[in-house]
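Okay, here's what each chain looks like letter by letter:
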Amino acid sequence: MTKPVIGFIGLGLMGSNMVENLQKKGFDLIVMDLNKDAVSAVLARGNAKEASSPKELAAASDIVMLCLTTSEVVEKVVYGDDGILAGIREGATLIDFGTSIPDSTRKIGAAIAQKGAGMIDAPLGRTPAHAKDGLLNIMAAGDEATFAKVRPVLEEQGENVYYLGALGAGHTTKLINNFMGMTTVCAMSQAFAVADRAGVDRAQLFDIMSSGPSNSPFMAFCKKYAVDGVSDLGFSINNANKDLGYFLKMTESLGTRAMIAEGTSSNLQAAVDAGLGNGNVPEIFDYFLGLKR
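## Observations concerning the overall build of the protein
Part 1: Within the protein, the regular secondary structure consists of 14 helices and 9 strands.
Part 2: The C-alpha atoms of the protein give 20 Å as radius of gyration, which agrees with the globular expectation for 293 residues (19 Å, within 12%).
Part 3: Here the C-alpha coordinates of the protein stretch approximately 65 × 45 × 35 Å along the principal axes.
Part 4: The 293 residues of the protein split such that 50% are buried.
Part 5: Surface summary for the protein: the accessible area is close to 13400 Å², and the carbon and sulfur share equals 54%.

## Regarding the packing of helix α10 (residues 202-210) against helix α11 (residues 217-226)
When two helices pack together, their arrangement is given by the angle between their axes and by how far apart the axes lie.
Part 1: In contact at an axis separation of 10 Å, α10 and α11 are set at 170° when each is read in the N-to-C sense. When the interaxial angle is binned, α10 and α11 end up roughly antiparallel. Contact residues: R202, F206, M209 and S210 in α10; M219, A220, K223 and A226 in α11.
Part 2: A breakdown of the residues in the contact of α10 with α11 according to their chemical character gives 5 nonpolar, 1 polar and 2 charged.

## Section: helix α4 (residues 71-79)
Because each turn of an α-helix spans 3.6 residues, side chains separated by three or four positions end up pointing in the same direction.
Part 1: Regarding α4, the residues found buried are S71, V74, V77 and V78. One face of α4 carries all of its buried residues, which in axial projection span an arc of 125°.

## A closer look at the side chain of N280
Part 1: In this structure, N280 sits in the loop between α13 (259-273) and α14 (284-290).
Part 2: At a separation of 3.4 Å, a polar atom in the side chain of N280 contacts the main-chain amide nitrogen of F235.
Part 3: For N280, the residues in contact, after removing those within four places along its chain, are S231, D232, L233, G234, F235, S236 and I237.

## Observations concerning the pattern of salt bridges
Part 1: With the rule as written, the count across this model stands at 14 salt bridges.
Part 2: D62 is the partner of R89 in a salt bridge, and the nearest nitrogen-oxygen pair spans 2.5 Å. Of this pair, R89 sits in the loop between α5 (84-87) and β5 (93-96) while D62 sits in the loop between α3 (54-59) and β4 (63-66); the two residues are 27 residues apart in sequence, bridging distant segments of the chain.
Part 3: In this structure, D232 and K224 form a salt bridge, with 3.1 Å as the shortest nitrogen-oxygen distance.
Part 4: The class for K224 is partly exposed, based on a relative accessible area of 32%.
Part 5: Connected through shared salt-bridge partners, E20, R45 and K132 make up one network.

## Some thoughts on the packing of aromatic side chains
Part 1: This structure, assessed with the given rule, holds 4 aromatic pairs.
Part 2: Aromatic pair F147 and Y163: ring centres 4.7 Å apart, planes at 25°, arrangement stacked. Of the two residues, F147 is situated in helix α8 (residues 144-157) and Y163 in strand β9 (residues 158-163); the sequence distance between them amounts to 16 residues.
Part 3: Residue class for Y163 comes out partly exposed when judged on its relative accessible area of 31%.
Part 4: Here the aromatic rings of Y225 and F285 are separated by 6.4 Å at their centres, their planes lie at 75°, and the arrangement is edge-to-face. On the criterion of sequence distance, the pair formed by Y225 in helix α11 and F285 in helix α14 is long-range, its members being 60 residues apart.
Part 5: For F285, a relative accessible area of 4% translates into the label buried.
Part 6: The aromatic ring of F27 is capped on one face by K3, whose charged end is 4.4 Å from the ring centroid.

## Side note on the side chain of S236
Part 1: Checked against the element boundaries, S236 lands in the loop between α11 and α12 (237-253).
Part 2: Only 3.0 Å separates the side chain of S236 from the backbone nitrogen of N239, close enough to count as a polar contact.
Part 3: Discounting residues that sit within four places of it in the chain, S236 has contacts with G277, N278, G279, N280 and V281.

## Quick notes on the nonpolar core
Generally speaking, soluble globular proteins have nonpolar side chains that are buried together.
Part 1: Ranked by internal contacts, the top residues of the largest apolar core, which has 33 residues, are F192, F247, A261, L268 and I284.
Part 2: Where this core is concerned, the elements lending two or more residues are α9 (169-198), α10, α11, α12, α13 and α14.
Part 3: In terms of residues, this core owes the most to one element, α9, which gives 9 residues.
Part 4: Listed in part, the 30 residues of the second largest apolar core include V31, V39, I63 and L154.

Cut-offs and rules
Residues numbered from 1 in each chain as written. Predicted model: local features only at pLDDT ≥ 70, side-chain atom pairs only at ≥ 80, totals over all residues. Heavy atoms only, no water. Helix = DSSP H or I, 4+ residues; strand = E, 2+ residues; numbered from the N terminus. Rg over C-alpha atoms; globule rule 2.2 N^0.38 Å. Buried < 20%, exposed > 50% of the residue type's maximum accessible area, 1.4 Å probe, protein only. Areas by Shrake-Rupley, 256 points an atom, 1.4 Å probe, with all protein chains shown as cover. Axes fitted to C-alpha atoms, helices over the stretch in contact; angles between N-to-C directions. Parallel < 35°, antiparallel > 145°, perpendicular 65-115°, else oblique. Contact = heavy atoms within 4.5 Å. Nonpolar A, V, L, I, M, F, W, Y, C, P; charged D, E, K, R; others polar. Arc of directions from axis to C-beta. Polar contact = N/O pair within 3.5 Å; in protein donor to acceptor, adjacent residues only side chain to side chain. Salt bridge = Lys/Arg side-chain N within 4 Å of Asp/Glu carboxyl O. Phe/Tyr/Trp six-rings, centres within 6.5 Å; stacked < 30°, edge-to-face > 60°. Lys NZ or Arg CZ within 6 Å of the ring centre and 35° of its normal. Core = buried A, V, L, I, M, F, W, Y, C linked by side-chain atoms within 4.5 Å.

Right, here's the structure in full:
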């Protein structure tokens with residue numbers, strides 16, 4: 001069977017590695033990014049070309065993939081005069097791998113459907129290293145027939161591909177996942193900071209806590225920074241702050257309030273305001289360590 005032509009917009013660390021994986025597996029790519037060095041690296045590997053606009057990219061692609069930073073950026077790329085909506089072909093599929101607001105996703109999906117195309121929201125779990133090897137966790141949602149059509153391509157990118165139901169369920173699940181994960185990181189990082197102030201050895205604290213039910217990979221990431229001085233989670237405080245903001249917007253739209261998330265969001269925003277936004281999330285330990293009443 002002929003492989004679909006894939007258009008890919010967003011060549012950050014995750015997106016670039018996803019594209020490299022697809023190229024290794026024989027897919028033809030059309031790419032776009034503001035970072036021309038990232039584009040050049042893709043073109044140098046072969047079986048790829050650069051598009052001059054999202055419209056041009058969409059018009060030449062069977063599947064359009066997005067790996068972008070925010071819902072605002074996604075909407076600009078979709079709705080612009082030279083956007084995806086202006087060029088997408090009947091029967092094509094748009095896949096949003098980013099972490100977006102579910103209401104925005106559903107709105108885009110309805111507009112895409114009017115063009116005779118489909119949409120899948122498919123946010124990602126795991127790291128850019130997993131992306132390069134096609135071992136991501138993918139939380140996919142959308143029309144079941146559309147999902148079935150693109151599933152073989154998703155399985156080239158993910159070790160675990162979950163189908164979650166109607167469009168928007170993927171982004172909903174990712175926001176819940178990130179709320180839980182980032183709250184854990186904030187809580188453990190603050191625990192290390194309080195231990196330091198109280199004269200408790202941080203390494204011993206970790207040994208005790210990790211031997212019980214509180215143990216988790218996130219705790220280990222926090223320990224690597226707060227105890228070992230190694231920061232390798234690969235997810236910035238800026239990104240975490242954005243995702244918690246989206247989670248709060250989502251809960252508001254559901255007619256409820258998430259006070260624990262409000263606390264996490266407040267701490268992440270304070271760390272951003274303190275100039276720590278570009279650091280990996282466990283580096284919020286530095287903010288907590290310097291926090292005074």
